[in-house]
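Each chain is listed here by its residues.
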Amino acid sequence: MISNSEFHISDAYLYNRHSTTRWVASHIWRYKWLLALALGLQIVSLTTYASSALLIGRAAGEMVKPDGGQLLQYALAILIILTMDGIFNLLAFYAYTHIATRFAADARQELYASLLGKSQTFHSRQRVGDLMARATDDVALLSDMVTPGASLLIESTVTFAITLVFIGLIDLKLLIVPGLFIIAYIFAVRGYVHELEPITARLRNQFGHLDAVLAEIISGIEVVKASARELFERDKFRTSARRLRDTAVQQGRVEARYLPVLLFAIAVGVMFLHALWLYQTGVLTLAGVIAVMGLMNVLRWPTFSSIFTFSLIQSGLASADRILSIIRAETDLDENAAGIERVVQGEIMFERVSFGFSDQPLLQDISFCVQPGQTVAIVGQTGSGKSSLIGLVNRTYDATAGRILIDGVDVRAWSLDALRSQIGKIEQDIFLFSRTVAENIAFGRPGATQTEIEQAARDAQAHDFILSFKDGYQTVIGERGVMLSGGQRQRLALARAFLSDPRILILDDSTSAIDSATEAEIQLALRHIQRGRTTLLITHRLAQIRWADHILVIDQGRLVADGTHDELLRRSPHYRRIFARYDVALPTLESVA
Amino acid sequence: MGFIFDGLDAEAYDRRYTDRALVVRVIGYFKPEIGRMLLVAGAVVLQALLDVSLPILISRTLDQLAAGQADLVHSAALIAAIGSLAWVFNFVRRSFSSRAVAAVVLKLREDAFDAVLKRDLSFYDQFVSGKIVSRVNSDTQAFSQVVTLTMDLFSQLLLVVLLMAYLFSVNTTLAWITLALAPFIVFAALTFRRIARNTITQSRRVSAEVSAHIQETVSGIGVAKTFRQEAAVYDEFVDVNEQSFRINRRTGYTFSAIFPILNVLAGIGTALLVYVGGLNVQSGALTPGDWYLFIQGLGLFWFPVTSIASFWSQFQIGLAAAERVFALLDAEPRVVQTDNRPLPIVRGEIQFDRVAFAYKPGEPILTDFSLTIHAGETLALVGHTGSGKSSLARLIVRFYEFQGGRLLIDGTDIRTLDLADYRTRLGLVTQTPFLFEGTVRENIRYGRPDATDEEVERAARHVGGGDWLTGLAQGLATEVGERGSSLSMGQRQLVALGRILLQDPAIFILDEATASIDPLTETLIQEGLDTVMRGRTNIIIAHRLSTIRHADRIIVLRRGQIIEEGNHLALLAAGGHYAELYNTYFRHQSLEFIDAQGPVHG
């Protein structure tokens, strides 16, 4: 199943993505031989363990013999068998561990590759935190599902089976009680899981909610105190805390009531009765009774353990479901590798363009044309659709109606590679990687020389402040390194754009400069980069708007006015309002025809 | 089986946990639950007795059987009954203890929260919010584990003691053999814990690395896409991911080893008991039933011993958590009110009278500071970072305690005021206004919960002529998201202004945003401010040129001292510190700066 993607891995292993269980199975199937080995080892190990109960029974038979029998041999045999059990068990768990951790790593890699291929539409709708949770917590649960989850479940199942076989070997009639027990046990466990699962989920949610409530109150403590709303917040917290307490009590009660333990106790009693009765009727020897009771005891551990193996498997499947839903999420854009590739001149034309997500239209019927080399400023309130508009140019999003032409060619006809590599974009939240300054500048052109990097930094007015750092261009940025101010980040992003030298530049500029000197430097860099290329600009800098070749005024997704600064002062009430507070005389407003 | 692994993720806290006061205090919290706890204790003892008596009963019956005198139905019924009763006592113990513990945790959590709420802002400066949350929510939870753990340990110890006592009474040699195994099991468990602690630390580190990589690349995916660098990013990820695989696998291997090793140890014990016990049976010193009992007893024995081995560190963690919670409860708030006089009408006159203030001792912010702000005045505070502008505002809100002098509101000492009452007459908008998750409407109403929908709407429409509401997808019903994240910074300011307008305070304090806001929204905010500031005492920590130009009085601060005051034009003409500040911070916001740029292509 090859879906649309903006990015493909050439030699990727293909997993079955038709359903969650098939997906999990196809991942595990990659390691089928190892799995077979693990299963084999586990069966041998459990058989030896169960047979130790038989040997103990036999030893009992030997010691009541008058000549002392072969007691020592039996004891040694028990020792050897239990040691072997340990070794085989260890090897089996090693194999399971390998499969489990490999599964987790493979799944994460698959998820990651698919994330890289998703369109920006997808990414702007997904919260990073949510994707992170899937790539880390959910992936870890996948591994837990295999071991200890599935491996213990297999262990329990095999233990039950082997024990039954051994009991059957002693006497077939003895199978009645454990058989009935297992049936009752399966029902009891199913009921238990059914009852507990929603409570546990609720408990987790409520705890998360309590954390969220508290974190919000603490972050907003200034508002809480300044508004004297402490009592209100206290109630909010108490309600949450009490709800959590009630659920915890409920969980405690359900857990306390774990029925399989009671069933097991009764089964042991009845089993004993049955064995004694068979002994008295002469069917069973004393050694047989001891062996049977020992075998019953072997069932004790699986009776307890399967309780959390089931929930491990359940939550593993739920995680697999969450991961797969991301991998399978359709993405609307494709690389279009066969599309047009040529040098862009820089003419941009919007023809009756509309855009929006299914529930909300963001842009309606927008048309305008930009000549190569022009600078266009876009003005509008937050939420008016400015960012969506510029996102359509490099196909961050695709228009839902109308066309966008670059040099007269529909953007959808261009190869995505050719299009994006010639359109530079500086986002509103400037993103820098936690790497060195030089690596960040050269991100768009790996292999650029130090001289080229420095030239780009000079053009962006960044060279001086970079040199002011102790390690200069080798300074690491971010949490583990230097924290940069907004103005500095802005200029690094500009340097990055200078180096990749795109024909069209899209700039979403909301950086603030605290002082006039920085502001002057940023303005200089901005003006420099606009020269010789087509620039689409969203900016808070009035000077940039004031001196743009062309200004578009957007209100609620519509183009309400466009023209030069002087034209708009005369024609657009929206635009006039910006300058009204500067206490200067504005030209008279012409009524719009 | 999780108990061996529990508590491995704890950090080492170098605190004493055997503090008597601590234990006394913990017990104090359990006092209201005394009835339940007694019931639980009774159930624990009874359950342990039954658990021990079951194998004994089976062994006795086996002996009777060998002697040919068993009452089958009786013994079997008794075995089933003992097992069932043990289940019942276990139920009583678990359900009542979960109730008691839940009640105690709730009480502790509520107390901790109340304590947090009472703290002044200096407390919140010291602790990041995540740490406070973890103290109130997670530490209280961790504390509850101590209780459950103690109970489990007690019941298991009881079981072991009862069992050993019985085994010793049956056969001393065999009992010693059983007991001799204990040190080996404890040693194995402890060694394992040490190894596991190391591998877990590495695992955690590599997980953090994977997370960091994904977080960074997913956040920066737009950049990777714009520059078509997906392949490079992917290759880096594969390296990190493979490294994480190798380390996680090693951790998995470590964890896989413990149970097989313990089983082999138990196997050695079993073989020894089979042989030595068998010899004793042959010599007549032991009945076959008792022999069977010893072999079964070994299983009963090693499980508690392993869990005891991991008890101390967990107990330590729980007590340390309790200690952190109590430390939170006991911290003294620094802001102290000497009286709680209601303040009927606040005119809004504020008088600093020789006030001295420092956040930390030895680093004074204000010394001997005097200033009178008249009712109805608009006062702008300007100065470099650290000049004391924000501190003045914070003292007026009484977020912090000052150390000397007096602060008078309408002539009344601020320390004698009913704080809640006073603060309702006070409006505060911070640089990055905080919104609570919910709708715009709920956020505007926050300062005056009894306001009707119409009043909220009227306030919203008054700010910037209500034009900002068209920028919100659902108007007043728009969800603001977590901490207001769905709204732009400008929109958050507008909501905050609406909140103030509805609250209608006598004193308005604004720490103006330094963030850049789009020019249209900026215009709306300025218009909104004009509306909000009408008819109040306004104190503005100013960052906007238009604000200082319209202020009645500008106070220029430097190192906690007033060095200049007057209005914009007069101060500018004087050419002093204000003129310098203007050239540094405000000039670029002026029209002359904008005009000076000139056309790009010209």
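All of these numbers come straight from a predicted model, not from anything done at the bench.

### Some details on the overall build of chain A
Reasoning step 1: What chain A contains, in helices and strands, is 21 helices and ten strands.
Reasoning step 2: Compactness check: chain A gives a C-alpha radius of gyration of 36 Å against a globular reference of 25 Å for 593 residues, more than 25% above the reference.
Reasoning step 3: Expressed along its principal axes, the backbone C-alpha trace of chain A runs to roughly 120 × 60 × 50 Å.
Reasoning step 4: Counting only contacts in chain A whose residues sit at least 6 apart along the sequence, the fraction spanning at least 24 positions is 74%.
Reasoning step 5: Computed over 57 positive and 59 negative side-chain charges, the inter-centroid distance for chain A is 4 Å.

### Some details on the sheet that holds strand 5 (residues 409-410) of chain A
Residue and element names in this part refer to chain A.
Reasoning step 1: Taken in spatial order, the four strands make up an open sheet running 2-1-4-5, and their pairing is antiparallel. Strand pairing shows two members of the sheet lacking a second neighbour, strand 2 (360-370) and strand 5, which therefore form its edges.
Reasoning step 2: In this sheet, strand 5 lies alongside strand 4 (residues 401-406) in antiparallel orientation, the contact comprising two bridges. Among the inter-strand pairings, Ile 406 is bridged to a residue of strand 5, identified as Val 409.

### Observations regarding the domain arrangement of chain B
Reasoning step 1: On domain assignment, one finds that chain B holds domain 1 (2-330) and domain 2 (350-589).
Reasoning step 2: Relative to domain 2 of chain B, the C-alpha centre of domain 1 of chain B lies at a distance of 54 Å.

### Concerning the pattern of salt bridges
If charged atoms from side chains of opposite charge come close, those side chains can pair.
Reasoning step 1: Tallying each qualifying case throughout the model produces 50 salt bridges over all chains.
Reasoning step 2: Across the pair Arg 577 of chain A and Asp 467 of chain B runs a salt bridge, and its minimum N-O distance is 2.4 Å. Remark: Asp 467 of chain B occurs in the loop between helix 14 (453-462) and helix 15 (489-503) and Arg 577 of chain A occurs in helix 21 (residues 573-580); the pair is interchain, linking two chains.
Reasoning step 3: A relative accessible area of 25% means that Arg 577 of chain A is categorised as partly exposed.
Reasoning step 4: Among the charged side chains, a salt-bridge network with shared partners connects Arg 234, Arg 238 and Arg 242 of chain A together with Glu 110 and Asp 114 of chain B.

### Description of the nonpolar core
Reasoning step 1: Grouped together as the largest cluster of nonpolar side chains are 99 residues, with contacts concentrated most on Leu 174, Phe 272 and Val 289 of chain A together with Leu 62, Val 274 and Trp 291 of chain B.
Reasoning step 2: For this core, the leading source of residues is helix 8 (residues 230-282) of chain B, giving ten residues.
Reasoning step 3: For Val 274 of chain B, the contacting residues outside a window of four places in its chain are Ile 56, Ala 59, Leu 71, Ala 75 and Ile 78 of chain A together with Trp 291 and Ile 295 of chain B.
Reasoning step 4: Among the nonpolar cores identified, the runner-up in size contains 86 residues, and Ile 218 and Ala 241 of chain A together with Phe 143 and Leu 417 of chain B belong to it.

### A closer look at the domain arrangement of chain A
Many analyses report the size of an interface as the accessible area lost when the parts associate.
Residue and element names in this part refer to chain A.
Reasoning step 1: According to the domain assignment, chain A consists of domain 1 (1-171 + 308-334), domain 2 (174-283) and domain 3 (348-580).
Reasoning step 2: Taking only C-alpha atoms into account, the centre of domain 1 sits 50 Å from that of domain 3.
Reasoning step 3: Buried area between domain 1 and domain 3, summed over both chains or domains, comes out near 690 Å², and the portion from carbon and sulfur atoms is 54%.
Reasoning step 4: Looking at the side of domain 1 facing domain 3, the largest losses of area belong to Thr 121, Arg 125 and Leu 333, adding up to 57% of the total buried there.
Reasoning step 5: The interface formed by domain 1 and domain 3 contains zero salt bridges.
Reasoning step 6: Grouping the constituent residues of the side of domain 1 that touches domain 3 by class yields one nonpolar, three polar and three charged.

### So, the packing of helix 6 (residues 176-219) of chain A against helix 5 (residues 129-170) of chain B
Reasoning step 1: Between helix 6 of chain A and helix 5 of chain B, whose axes approach to 9 Å, the crossing angle comes to 145 degrees. Our pair here, helix 6 of chain A against helix 5 of chain B, has a crossing hand that is right-handed. Side by side, helix 6 of chain A and helix 5 of chain B meet where Phe 207, Leu 210, Asp 211, Leu 214, Ala 215, Ile 218 and Ser 219 of chain A of the first sit next to Ser 129, Ile 132, Val 133, Val 136, Asn 137, Ser 138 and Gln 141 of chain B of the second.
Reasoning step 2: In terms of residue class, the contact of helix 6 of chain A with helix 5 of chain B is built from eight nonpolar, five polar and one charged.

### Side note on the packing of aromatic side chains
All names here are of chain A.
Reasoning step 1: Per the stated rule, a full pass over the model turns up 29 aromatic pairs over all chains.
Reasoning step 2: On the numbers, 4.7 Å between centres and 25 degrees between planes, the contact of Phe 433 with Phe 443 is stacked. Of this pair, Phe 433 sits in the loop between strand 6 (423-426) and helix 14 (437-441) while Phe 443 sits in the loop between helix 14 and helix 15 (450-459); the two residues are ten residues apart in sequence, bridging distant segments of the chain. In terms of burial, Phe 433 and Phe 443 fall into one category: buried.
Reasoning step 3: With a centroid separation of 5.5 Å and an interplanar angle of 45 degrees, the aromatic rings of Tyr 575 and Phe 579 are classed as tilted.

### So, a nonpolar patch on the surface
Reasoning step 1: Together, Leu 72, Leu 76, Ile 80 and Met 84 of chain A make up a nonpolar patch on the protein surface, roughly 350 Å² of accessible area in all.
Reasoning step 2: Mapping Met 84 of chain A onto the fold places it in helix 3 (residues 71-117).

### What about the confidence of the model for chain B?
Interpreting fine coordinate detail is not advised for predicted regions of low pLDDT.
Reasoning step 1: Per-residue confidence for chain B gives a mean pLDDT of 84; residues scoring 70 or more make up 95%.
Reasoning step 2: This model gives residues 1-17 of chain B a pLDDT under 50, and the stretch forms 39 contacts once residues within four places in sequence are excluded.

### Quick look at the interface of chain A and chain B
Reasoning step 1: Tallying the contact residues gives 159 residues for chain A and 152 residues for chain B.
Reasoning step 2: For the pairing of chain A and chain B, the buried interface totals around 14100 Å² over both sides, and the portion due to carbon and sulfur atoms is 67%.
Reasoning step 3: Taken together, chain A and chain B are joined by ten salt bridges.
Reasoning step 4: Its salt-bridge partner being Asp 114 of chain B, residue Arg 238 of chain A comes within 3.1 Å of it at the nearest N-O pair.
Reasoning step 5: In terms of residues, the side of chain A that touches chain B owes the most to one element, helix 3 of chain A, which gives 24 residues.

### Things to note about unusual backbone geometry
Reasoning step 1: Residue Thr 147 of chain A is joined to Pro 148 of chain A through a cis peptide bond whose omega torsion reads 10 degrees.
Reasoning step 2: One non-glycine residue, Asp 504 of chain B, adopts positive backbone phi at about 55 degrees.
Reasoning step 3: Mapping Asp 504 of chain B onto the fold places it in the loop between helix 15 and strand 7 (507-511).

### Details of the side chain of His 577 of chain B
Reasoning step 1: Of note, His 577 of chain B is situated in helix 19 (residues 577-586).
Reasoning step 2: Beyond its immediate chain neighbours, meaning those up to four positions away, His 577 of chain B contacts His 384, Val 556, Arg 558, Ile 563 and Glu 564 of chain B.

### Some words on the side chain of Asp 410 of chain A
All names here are of chain A.
Reasoning step 1: Within the element layout of this structure, Asp 410 appears in strand 5.
Reasoning step 2: With relative accessibility at 16%, the residue Asp 410 sits in the buried group.
Reasoning step 3: Within the structure, Asp 410 has its side chain in polar contact with the backbone nitrogen of Arg 412 (distance 2.9 Å).
Reasoning step 4: With residues up to four places along the chain from it excluded, the contact list for Asp 410 reads Arg 403, Ile 404 and Leu 405.

### Topic: the sheet that holds strand 10 (residues 558-563) of chain A
Residue and element names in this part refer to chain A.
Reasoning step 1: Taken in spatial order, the six strands of this open sheet run 6-7-8-3-9-10, and their pairing is mixed. Of all strands in the sheet, those bounded by a partner on one side alone are strand 6 and strand 10. The average undirected angle you get between the axes of adjacent strands in this sheet is 15 degrees.
Reasoning step 2: Here strand 9 (residues 550-555) pairs with strand 10 via five bridges, running antiparallel. Note that in strand 10 the partner of Leu 552 across the bridge is Asp 562.
Reasoning step 3: Against the sheet, helix 21 makes contact with strand 3 (375-379), strand 9 and strand 10, and its axis sits at roughly 105 degrees relative to strand 9, the strand it touches most.

Conventions adopted
- Residues numbered from 1 in each chain as written.
- Chains lettered and ligands numbered in written order.
- Predicted model: local features only at pLDDT ≥ 70, side-chain atom pairs only at ≥ 80, totals over all residues.
- Heavy atoms only, no water.
- Helix = DSSP H or I, 4+ residues; strand = E, 2+ residues; numbered from the N terminus.
- Rg over C-alpha atoms; globule rule 2.2 N^0.38 Å.
- Contact = heavy atoms within 4.5 Å.
- Lys, Arg positive; Asp, Glu negative; His and termini not counted.
- Charge placed at Lys NZ, Arg CZ, Asp CG, Glu CD.
- Pairing = 2+ DSSP bridges.
- Domains from an automatic or database assignment.
- Salt bridge = Lys/Arg side-chain N within 4 Å of Asp/Glu carboxyl O.
- Buried < 20%, exposed > 50% of the residue type's maximum accessible area, 1.4 Å probe, protein only.
- Core = buried A, V, L, I, M, F, W, Y, C linked by side-chain atoms within 4.5 Å.
- Buried area = accessible area lost by both parts, 1.4 Å probe.
- Nonpolar A, V, L, I, M, F, W, Y, C, P; charged D, E, K, R; others polar.
- Axes fitted to C-alpha atoms, helices over the stretch in contact; angles between N-to-C directions.
- Left-handed = near helix turned anticlockwise from the far one by under 90°.
- Phe/Tyr/Trp six-rings, centres within 6.5 Å; stacked < 30°, edge-to-face > 60°.
- Patch = residues over 30% accessible without salt bridge, like charges linked within 9 Å, V, L, I, M, F, W, Y side chains within 5 Å.
- Areas by Shrake-Rupley, 256 points an atom, 1.4 Å probe, with all protein chains shown as cover.
- pLDDT = per-residue confidence, 0-100.
- Polar contact = N/O pair within 3.5 Å; in protein donor to acceptor, adjacent residues only side chain to side chain.

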